[in-house]
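Residue-level structural notes
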Amino acid sequence: MSIRVGHTADKASFPILAHTILKDDQTRRNVRHATDVIRAKRALRVEEMPDWEQLRTSGHAIKTHTLEHLPYYLEVFEKNCIAAGGQVHWARDADEANAIAIKLIRAAAAKVEPEKTKPEVIKVKTMTSDEIGMNAALEREGIIPWETDLADMIVQMGKDEPSHIVVPALHKNRHQVRELFLENMGLTELGTEAADLAAAARMYLRKKFLEVEIGVSGANFAIAETGSVCVVESEGNGRMCVTMPKTLITLIGIEKVIPKFQDLEVFLQLLPRSATGERMNPYNSIWTGTTAGDGPQEFHVILLDNGRTRMLANTRERETLNCIRCGACLNACPVYRETGGHAYGSIYSGPIGAILSPQLNGMEHSRSLPYASSLCGACYEVCPVKINIPETLIHLRGRIVEADQKTLAGKLSQENLGMKMAAHLFEHPRQYEAAQRLARTGQGLFEKDGKLVNLPGMAAGWTQFRDLRALPDQTFREWWKKRKSKTEANA
Amino acid sequence: MSDARSAILDTIRRELARDPDLSAAHLAEAPDSAYERIPREYERVGTLDHEAVLELFYDRLRDYDSELIFTDEAGIADAVLKAMSEADESLLLVPAGIPDAWLPLAGIELRRDTDLPLIPLEEPRTVLTGCTVCVAMSGTVMLEHGAEQGRRAATLLPDHHLCIIRKDQVVETLAEAFARITHRTAPITTIAGPSATSDIEMTRIRGVHGPRRLTAIIL
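Summarised in this report is the structure supplied together with it. If you're wondering where the values come from, they're calculated on a predicted model, not measured in any experiment.

**Quick notes on the overall build of chain B**
- Of regular secondary structure, chain B possesses seven helices and 12 strands.
- Relative to the globule expectation of 17 Å for 219 residues, the C-alpha radius of gyration of chain B, 22 Å, shows a markedly less compact shape.
- For chain B, the residues scored as buried account for 57% of the 219 residues in total.
- On chain B, the mean spot of the 23 positive side-chain charges and the mean spot of the 37 negative ones are 3 Å from each other.

Below is the structure:
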């Protein structure tokens, strides 16, 4: 099994990546501007919904229910999709999913365009395909993937990585995008307005939409009851990719299944308002298997695990799979708003990335992420499916510490020894008081204007960036004792 | 890959059974009966009278840059002609099930979509369709791509979509609209205003790959 989340395995930890980005003023300005705009729009559109909380409650309940009965709903989805003319494949991990996709693309290309040596596919934004590194896998096999979502195209042209799960190129401003387009589209002239750039993308991709015979999509929802798939989008590139090709391959994480058609009435209210602050996104495509005379006549679904089943055995962890990828938690997060997505070293960034990536990857690759949060709770407040992200972050921190304590290095670490000592002192009041007296004497070396600066060892991490008040001359307990004896003397 | 299938399903069952918070009885319950207990206290049915629903719908359409023309059954052909001439368009794509009474007799050229190959399908800049149902709250038009609505490509390639909407097709909430979708396994497209993107600096721009203009002809 090779479970993969982006290139996370090779990435440095969050504090190291964040440090570099914090020095990049342009990126920080871009991220701040974009998140400010989406936050304001979302707030406006949520405000006008009198039943928002009830919708969130239902969204959470539907997802919770589905995950508890996941085998049933996956099998029902599979049965109905096949009955409607679709073919369903299962992939345990990234490599298996890529291998299936490559085999299907080769077979489809041999059928429809055998003269082409390098098959092409048009792709509509799918984070899941980024998760499994599909583009790189296709390119290694001589298949050319064309990203058609404007932001994904910008990321692909710039050989960049997505920095946001809804707006992957949010870290680029229009001047930077213009440069990329000029370089990659063979244009000599191009305006600087966003509308000029969108028009250039339309011209550039229209030919691809008409010519390329194979499409790849992800799915926002897979409906068990009907075997249907739903893709939510704005630009029309999604409609193009799921309609124009002869063969369509749709990659779906196993957690994307929902029980019934009517459940869309909940999620299609929660998702657009949370993601882009729209009452409804311009387009939703819902399709079931194949339809004679309309759209692809060959339709494949790849149901992907890739680490999702690792989250099922614990209620707190399983809730992570409620996520409908709206990105509201990213926009609300005071940490994400400073660093942007690249600091997370995973295509899933922000608060949801901080809980999703370590669980998908295994903690060894993303162990700094559960700490990349101030636990302020803004993410939980905006989450349309009520994922309690702060609780989950604490839970994951607990798992990291627990695992560390089992290793020799962990047992001997400053942190573990320090915590052990603290636990001992808290249990023994006399020794605690003695330690306080000792610290009061010792702190003189580091005290400056009532504050401790440049503490040694592990404590340096704290005093480097934050004020730490020096211990007072008298503790509360000492004051209390004195007060008591004084009162007694007076009596 | 049937081994992957059974491996994944087995893993899911095994992992769920390990969760101390999920009782065996809970996991063994029929999903359909557990499903019935999902709370649904949100507003499934609207509260406005139909006139107010319509006003809300028009407002939502305008908010997302759609154009509105009001007419009656007899005035459809004229409305089509008007919308096209204002946009300087002359070739209209006509899906198979469109009634002849909707079509202008002169002034424009008609191209009927009788399983047209791509090139002639892509040429017209305008397409005329009906719809299944509309949602006032979110300004959304829904197509099931049945008779009057054409196949999906027909409403996607042209730059200007003229959509005939009868007032009784407009409902207030999304739940009411989905209840009116009867062919749930037909391809379904929901449309809220023209194609748009906010990918560059979060500025909403009208029109990327789908139709850049949506004209609602309200009967």
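**Digging into the overall build of chain A**
- Check the secondary structure of chain A and you find 24 helices and 13 strands.
- Seen through its principal axes, chain A has C-alpha atoms that stretch 100 × 55 × 50 Å.
- Counting every position in chain A, which comprises 491 residues, the buried fraction comes to 58%.
- Taking the contacts inside chain A whose residues are at least 6 apart along the sequence as the reference set, 74% of them involve residues at least 24 apart.
- Entry remark: accessible area of chain A is about 20,500 Å², with carbon and sulfur atoms responsible for 55%.
- Across chain A, the 62 positively charged side chains and the 60 negatively charged ones have centroids separated by 6 Å.

**A word on the pattern of salt bridges**
- Taken as a whole and judged by the stated rule, the model has 53 salt bridges over all chains.
- The partner of K11(A) in a salt bridge is E161(A), with the nearest N and O atoms 3.4 Å apart. Residue K11(A) is found in the segment before α1 (14–22), and its partner E161(A) is found in the loop between α8 (150–157) and α9 (174–184); the two are separated by 150 residues along the sequence.
- For E338(A), the salt bridge goes to R28(A), with nearest N and O atoms at 2.5 Å. With a gap of 310 residues between them, E338(A) in helix α15 (residues 336–339) and R28(A) in helix α2 (residues 25–47) connect regions that are remote in the sequence.
- Residue E338(A) is classed as partly exposed on the basis of its relative accessible area of 27%.
- Residue classification places R28(A) among the partly exposed residues on the basis of a relative accessible area of 28%.
- One salt-bridge network, held together by shared partners, links R45(A), E48(A), R273(A), R279(A) and D63(B).

**Points about helix α3 (residues 52–68) of chain A**
Residue and element names in this part refer to chain A.
- Between the first and last C-alpha of α3 there are 24 Å, a value that for 17 residues agrees with the 24 Å anticipated at 1.5 Å per step.
- With 12 of 17 residues buried, α3 is to be regarded as a mostly interior element.
- Every buried residue of α3 is listed here: W52, L55, R56, S58, G59, A61, I62, K63, H65, T66, L67 and E68.

**With respect to the side chain of E213(A)**
- Structurally, the position occupied by E213(A) is in the loop between α10 (194–211) and β4 (214–217).
- In this view, E213(A) contacts V112(A), E113(A), P245(A), K246(A) and T247(A); residues no more than four positions away in its chain are not counted.

**Quick look at the interface of chain B and chain A**
- Contacts between chain B and chain A engage 78 residues on the former and 101 residues on the latter.
- The junction of chain B with chain A conceals about 7,900 Å² of combined surface from both sides, 59% of it contributed by carbon and sulfur atoms.
- Our count for the chain B to chain A interface comes out at 15 salt bridges.
- Across the pair D159(B) and R202(A) runs a salt bridge whose closest N-O atoms are separated by 3.1 Å.
- Here chain B is connected to chain A by 40 residue pairs in polar contact (both at pLDDT 80 or more).
- Those elements that place two or more of their residues in the side of chain B that touches chain A are α1 (2–18), α2 (24–28), α3 (31–35), α4 (50–63), α6 (118–122), α7 (174–180), β9 (188–191) and β10 (196–197) of chain B.
- Among the elements that make up the side of chain B that touches chain A, the one with the highest residue count is α1(B) (12 residues).
- Per-class residue counts for the side of chain B that touches chain A are 38 nonpolar, 16 polar and 24 charged.

**Some details on the sheet that holds strand β8 (residues 257–258) of chain A**
- Overall, mixed pairing links the eight strands, which are arranged β8(A)-β5(A)-β6(A)-β9(A)-β9(B)-β6(B)-β5(B)-β8(B) in an open sheet. The sheet is open, and its two borders are formed by β8 of chain A together with β8 (170–171) of chain B, each paired with just one other strand.
- Bridge analysis of strand β5 (residues 221–223) of chain A against β8(A) gives two bridges, and the strand direction is parallel. Within β8(A), the position partnered with A222(A) by the bridge is V257(A).

**A word on the nonpolar core**
- Counting 132 residues, the largest nonpolar core has F77(A), F221(A), L264(A), F57(B) and I165(B) as the members making the most contacts within it.
- Grouped together as the second largest cluster of nonpolar side chains are 39 residues, L150(A), L180(A), M185(A) and A153(B) included.

**Side note on the sheet that holds strand β3 (residues 109–112) of chain B**
All names here are of chain B.
- Ordered in space as β1-β12-β7-β4-β2-β3, the six strands form an open sheet in which the pairing is parallel. Looking at strand neighbours, the two that pair on one side only are β1 (67–70) and β3, the edges of this open sheet. Each adjacent strand pair in this sheet contributes to an overall mean axis angle of 25 degrees, direction not counted.
- In this fold α4 packs onto β1, β7 (160–165) and β12 (213–218), with an angle of close to 140 degrees to the strand it touches most, β1.

**Things to note about the pairing of strand β2 (residues 91–94) of chain B**
All names here are of chain B.
- Alternating residues of β2 divide into L91 and L93 and L92 and V94, and every residue in both groups is buried.
- Bridging between β2 and β3 involves four bridges; their strand directions are parallel. Within β3, the residue paired with L93 across the bridge is R111.
- Two elements, β2 and strand β4 (residues 126–129), share two bridges in a ladder whose sense is parallel. The residue of β4 that forms the bridge with L92 is T126.

**Examining unusual backbone geometry**
Residues and elements named next belong to chain A.
- Non-glycine residue K159 carries a positive phi angle of around 45 degrees.
- Relative to the helices and strands, K159 is located in the loop between α8 and α9.
- A relative accessible area of 77% means that K159 is categorised as exposed.

**What to know about the side chain of D152(A)**
Residues and elements named next belong to chain A.
- In this fold, D152 is placed in helix α8.
- There is no salt bridge for the buried D152, and the closest opposite charge comes from K125, which lies 4.9 Å off by N-O distance.
- Sequence-distant contacts of D152, defined by excluding residues within four places in its chain, comprise K125, T126, E147 and P168.

Each value, and the rule that gives it
Residues numbered from 1 in each chain as written. Chains lettered and ligands numbered in written order. Predicted model: local features only at pLDDT ≥ 70, side-chain atom pairs only at ≥ 80, totals over all residues. Heavy atoms only, no water. Helix = DSSP H or I, 4+ residues; strand = E, 2+ residues; numbered from the N terminus. Rg over C-alpha atoms; globule rule 2.2 N^0.38 Å. Buried < 20%, exposed > 50% of the residue type's maximum accessible area, 1.4 Å probe, protein only. Lys, Arg positive; Asp, Glu negative; His and termini not counted. Charge placed at Lys NZ, Arg CZ, Asp CG, Glu CD. Contact = heavy atoms within 4.5 Å. Areas by Shrake-Rupley, 256 points an atom, 1.4 Å probe, with all protein chains shown as cover. Salt bridge = Lys/Arg side-chain N within 4 Å of Asp/Glu carboxyl O. Expected span 1.5 Å × (residues − 1). Buried area = accessible area lost by both parts, 1.4 Å probe. Polar contact = N/O pair within 3.5 Å; in protein donor to acceptor, adjacent residues only side chain to side chain. Nonpolar A, V, L, I, M, F, W, Y, C, P; charged D, E, K, R; others polar. Pairing = 2+ DSSP bridges. Core = buried A, V, L, I, M, F, W, Y, C linked by side-chain atoms within 4.5 Å. Axes fitted to C-alpha atoms, helices over the stretch in contact; angles between N-to-C directions.

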